[in-house]
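Residues per chain, in single letters:
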Amino acid sequence: MLQKPWYKIFVWFVASFFFFLAAGVIISILRPGPTEAEVMKFMEAMMKAMDTSMMGIAMNLENDSELKNIILFSSSLTLPIVIISSIIGFLIRLVKRGDRNV
Amino acid sequence: MNARFDFIMHWIWAIVWSLLAISGFSMVGAKHGWLLNFDYALVDYIHRIFATIFVILTFISIFYEVFRNIKNDSKKLAWFVIGRSGYQLFTFITTLILIMTGAIIWICNEFDIVAAGFALIIHEYISYIALSSVIWHIYKKCHALIWPKKKVEG
């Protein structure tokens, strides 16, 4: 797999991504201070982030009983399915542990 | 295709960590927001979701190593993200510090701003160190970037 073209492209992409990120961080640290507009944007966005954060969503969810019921109902279906399928998966791995391809 | 667990975990880890890194670094301050176009709300959301996935990946890795030790399998897994020595150990320690400080920031942000602030400083500086270590890791493994030349017949 290590020689396949798509894998090489993926590795190149990830390597380039990290190099660009490091360059971006160094530029951010060494550039002149933020303008007033940038500081305002930062503070506004941090306040808005509170609304879409887990705390903000939880607060909005408390006020919306229909959405709350949907979430409670769907998670009571999903969670047993996930747990049961994980247990079945582990049992199959246990039964077929001699098989190299499991 | 018999893809090994440690190989797959390595690349899932790389993808999740890269998304955490870019979202995290664009939230450091007003000077850094340009990285993701100042959309801090979306960036914060992405960072929290991938942080949760990252914690789950860490638990899976730890349990895998514990089970390997129980089975007395001491073979060094070259691709695995955590381990007993070298870069694997370094990654393990930085991961734990990032998770613990991240959890403190998330939980204490609403009621204990001092603790959250302290955790934020550690979280920030450890992530600079971790990013530098990733660049070093790519340098050490740069042979993976060599594109195989097609052999010419005759």
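Conventions and cut-offs
Residues numbered from 1 in each chain as written. Chains lettered and ligands numbered in written order. Predicted model: local features only at pLDDT ≥ 70, side-chain atom pairs only at ≥ 80, totals over all residues. Helix = DSSP H or I, 4+ residues; strand = E, 2+ residues; numbered from the N terminus. Buried ≥ 20, exposed ≤ 12 C-beta atoms within 10 Å, placed from the backbone. Contact = placed C-beta atoms within 7 Å. Domains from an automatic or database assignment. Core = buried A, V, L, I, M, F, W, Y, C linked by C-beta atoms within 7 Å. Nonpolar A, V, L, I, M, F, W, Y, C, P; charged D, E, K, R; others polar.

A. Representation of the overall build of chain B within the structure. Scanning chain B from N- to C-terminus turns up four helices and zero strands. With respect to the three principal axes, the spread of C-alpha positions in chain B is 70 × 45 × 25 Å. Counting the 154 residues in chain B, one finds 22% classified as buried. The long-range fraction of contacts in chain B, counting pairs at least 24 apart against all pairs at least 6 apart in sequence, stands at 49%.

B. Local environment of the domain arrangement of chain A. We note that the domain assignment places domain 1 (1-31), domain 2 (33-63) and domain 3 (65-102) within chain A. Put simply, the middle of domain 1 of chain A and the middle of domain 2 of chain A, counted by C-alpha atoms, are 30 Å apart.

C. Looking closely at the nonpolar core. With 14 residues, the main nonpolar core has L20, A21 and F25 of chain B as its most contacted residues. Within the residue set of this core, elements represented by two or more residues are helix 1 (5-25) and helix 2 (40-70) of chain B. Sort the elements by how many residues they give to this core and helix 1 of chain B lands first, with six residues. Excluding residues within four positions of it along the chain, A21 of chain B makes contact with L21 of chain A together with S127 and L131 of chain B.

D. Molecular detail of the interface of chain A and chain B. On the side of chain B, 29 residues touch chain A, which itself brings 31 residues to the contact. Looking at the side of chain A that touches chain B, the element that brings in the most residues is helix 1 (residues 5-30) of chain A, giving 13 residues. Tallied by class, residues from the side of chain A that touches chain B come to 19 nonpolar, seven polar and five charged.

E. Unusual backbone geometry, seen in detail. All names here are of chain B. Unlike most non-glycine residues, N37 shows phi in positive territory, near 55°. Along the chain, N37 turns up in the loop between helix 1 and helix 2. Backbone geometry places F38, a non-glycine residue, at a positive phi of 60°. Checked against the element boundaries, F38 lands in the loop between helix 1 and helix 2.

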